[in-house]
Amino acid sequence: MSTESAPVTPALFDQYMVPTYSAPPIIPVRGEGSRVWDQEGRDYVDFAGGIAVTALGHCHPALVKALETQAERIWHLSNVLGNEPALRLAKKLCETTFAEKVYFANSGAEANEAAFKLARKYAADHFPANKREIIAFDNAFHGRTLFTVSVGGQPGKTKGFEPLPPAITHVPFNDLAAVERAISDDTCAVVVEPIQGEGGIVPADKSFLQGLRTLCDRHQALLVFDEVQTGMGRTGNLYAYMGYGVTPDILTSAKGLGGGFPVAAMLTTSHIAASLGTGTHGSTYGGNALATAVAEAVLDIVNDPALLQGVVERHRRLTDGLNEIGQRHGVFTQVRGQGLLLGCVLSAPWQGRGRDFMQAALKEGLLMLVAGPDVLRLAPSLIIPDVLIDEGLARLDRAVATLTD
Ligand SMILES: *Cc1c(COP(=O)(O)O)cnc(C)c1O
């Protein structure tokens, strides 16, 4: 049999893939909205959303159309020439946020890499050489390039990759007094996720973000919001900063921005953007026409008060159901998060067993995630229908029962 006609199985993963991930338990082959089907035709309700990426579910007709239309026009031109969808998307992002300038990248890590480099470059342009320190938070996650993983606050993820970039300080999240002790005129930026995602779906306190804004202003440091996971309607606001009423100097967006097509953006003001002058930074694919055409379609749909209100309503329905399941089985101490970024904190007897819940859910036909060993994470489509929220909850209920019985 030729390799072309040999069946594709999960076993091929261990045979051919670098083992940065574990072999997949199933291989989905088709998706429609918040439903997914695997190779055997089994159906799943999708509460995972490709890790907060497929903001409008799978194969949304408007996104398919945007991709197909652009695919027939032109794919790639390089940033020497530029393209219409990228410029349209940049204009729309500026018109709907604090930003005046946009830089496009392909992934969250790349958008953050640009943000952190910009913070250093801005300091180099305006301040003495001592002002280069970046303050970030324990358990933060900002991506896997060497710079972004170093700014992230999970030491396990940098182990073995040393030497790491210097002048990065970590302090506890939601601890303003700790930031006040750490910050100085040597600080060029404070980097924070409005809701820590990978760190366990931990929302920042409003007073904490307000305090960071004040401290940054006092020390002429830039406030950088990593909204890779919280952006594009995920919290019920277009960006989480809008709900907090705290405006950053630099914001990064990825995951939901392309609804499943790789694209990312760094947003900032004209004054700060001036420090990334011609030739200082760049990316071959950043802002390519296919990616930005799809992202424009996502933004057009998500940036709608009715859709964002729908996220708030779905939040209520989903959290009510999760709290009910948690109480009846005694498995959760808390359901936290905003909008459709939710974390179920496992109770003491179940701590460390997040993956067991994920596997049990999969067996019952439900895709969901963990955020660390003790928190189940849900990040479904922003437009998941109520019937599928209820069906997913019923499947989760059965899955939890298989563990607790
Ligand atoms: C996922 C994530 C990243 C990294 O994004 P990639 O596209 O995987 O590089 C960075 N920051 C946050 C908050 C994230 O959730």
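All residue numbers here refer to positions counted from 1 along the written sequence of the relevant chain. In view of the model being predicted, local features appear only for residues whose pLDDT reaches at least 70, and side-chain atom pairs are presented and counted only at 80 or more, with totals across whole chains, interfaces and linings using the full set of residues. Water and hydrogen atoms play no part in the side-chain values, which are based on all heavy atoms of the structure.

K.L.:
Can you tell me about the overall build of the protein, naming the residues and giving the values?
P.N.:
Segments assigned H or I by DSSP are reported as helices when at least four residues long, segments assigned E as strands when at least two residues long, and all are numbered from the N terminus. A tally of regular secondary structure across the protein gives 14 helices and 17 strands. Here the radius of gyration uses the C-alpha set of atoms, whereas the globule reference equals 2.2 Å times the residue count to the power 0.38. Here the C-alpha atoms of the protein give a radius of gyration of 21 Å, agreeing with the 22 Å that 2.2 N^0.38 yields for 405 residues. Dimensions of the protein, computed from C-alpha atoms along their principal axes, come out at roughly 60 × 55 × 45 Å. Sorting the 405 residues of the protein into buried and exposed places 53% on the buried side. Contact between two residues is taken to exist if any of their heavy atoms lie within 4.5 Å; hydrogens are not considered. For the protein, the share of sequence-separated contacts (at least 6 apart) that also reach a separation of at least 24 residues comes to 71%. By element, 55% of the accessible surface of the protein is carried by carbon and sulfur atoms, the whole surface being about 17800 Å². For the charge count, each Lys or Arg is scored as positive and each Asp or Glu as negative, with His and the chain ends excluded. Positions of charges follow a simple convention, taking NZ of Lys, CZ of Arg, CG of Asp or CD of Glu. Here the protein contributes 34 positive and 43 negative side-chain charges, whose respective centroids are spaced 1 Å apart. Partly exposed describes any residue whose relative accessible area lies between the buried limit of under 20% and the exposed limit of over 50%, with all areas from a 1.4 Å probe on protein chains only and scaled to the type maximum. Methods summary: accessible areas were calculated by the Shrake-Rupley approach with a probe of 1.4 Å, and residue burial reflects only the protein chains presented.

K.L.:
Please give an account of the sheet that holds strand β3 (residues 43-46) that cites residues and values.
P.N.:
Any two strands between which DSSP finds at least two bridges are classified as paired. Spatial ordering of the open sheet is given by β1-β2-β3-β15, a layout of 4 strands whose pairing is mixed. Of all the strands in the sheet, just β1 (28-32) and β15 (366-367) have a single pairing partner and so form its edges.

K.L.:
Which residues make up the site of the ligand, and what values go with them?
P.N.:
By convention in this text, a residue qualifies as near a molecule or strand provided that one of its non-hydrogen atoms is within 4 Å of it. Of all residues adjacent to the ligand, which total 13 residues, the nearest are Gly108, Ala109, Asp226, Gln229 and Lys255. Definition of a polar contact: a pair of N or O atoms within 3.5 Å, with one able to donate and the other able to accept a hydrogen when the atoms are protein atoms, and with sequence-neighbouring residues admitted only if both atoms are side-chain atoms. One of the backbone nitrogen or oxygen atoms of Gly108 is found 2.8 Å away from an oxygen atom of the ligand. One nitrogen or oxygen atom from the main chain of Ala109 is found 2.7 Å from an oxygen atom belonging to the ligand. Here the ligand, which alone exposes 380 Å², has 81% of that area covered by the protein. If you tally residues by element for the shell around the ligand, the top one is helix α5 (residues 108-126), at 3 residues.

K.L.:
Could you give me a rundown of the packing of helix α13 (residues 354-363) against helix α14 (residues 386-404), with the residues and numbers involved?
P.N.:
Only the contacting stretch of a helix is used when fitting its axis, a line to C-alpha atoms as for every element, and angles between N-to-C directions run 0 to 180 degrees. Packing of α13 against α14 leaves a shortest axis separation of 8 Å and a crossing angle of 125°. As judged from the angle between their axes, α13 and α14 are oblique. Two packed elements cross with a definite hand, and for α13 against α14 that hand is right-handed. Only Ala399, Val400, Thr402 and Leu403 of α14 make contact with α13, whose side of the interface consists of Asp356, Phe357, Ala360 and Ala361. Only Asp, Glu, Lys and Arg are considered charged, only Ala, Val, Leu, Ile, Met, Phe, Trp, Tyr, Cys and Pro nonpolar, and every remaining residue, Gly among them, polar. Of the residues in the contact of α13 with α14, the class split is 6 nonpolar, 1 polar and 1 charged. An angle below 35 degrees is read as roughly parallel, one above 145 as roughly antiparallel, one from 65 to 115 as roughly perpendicular, and any other as oblique. Should the near helix be turned anticlockwise from the far one by less than a right angle, the crossing is termed left-handed; should it be turned clockwise, right-handed.

K.L.:
Account for the pattern of salt bridges, naming residues and giving values.
P.N.:
Salt-bridge detection follows one rule: a side-chain nitrogen of Lys or Arg within 4 Å of a carboxyl oxygen of Asp or Glu. Taken as a whole, this structure holds 20 salt bridges when the rule is applied. Across the pair Asp43 and Arg395 runs a salt bridge whose closest N-O atoms are separated by 3.0 Å. Taken as a pair, Asp43 in strand β3 and Arg395 in helix α14 lie far apart in primary sequence, 352 residues in all. Taking the relative accessible area as the measure of exposure, Asp43 reaches 25% and is therefore partly exposed. Each of Glu84, Arg88, Lys92, Glu296 and Asp300 takes part in one network of salt bridges that share partners.

K.L.:
Describe the environment of Pro85, and please don't skip the residues or the numbers.
P.N.:
Looking at the secondary structure, you find Pro85 in helix α4 (residues 84-96). Considering only alpha carbons, one finds Pro85 and Val294, 209 residues apart in sequence, at a separation of 8.6 Å. Discounting residues that sit within four places of it in the chain, Pro85 has contacts with Gln70, Ala289, Thr292 and Ala293.

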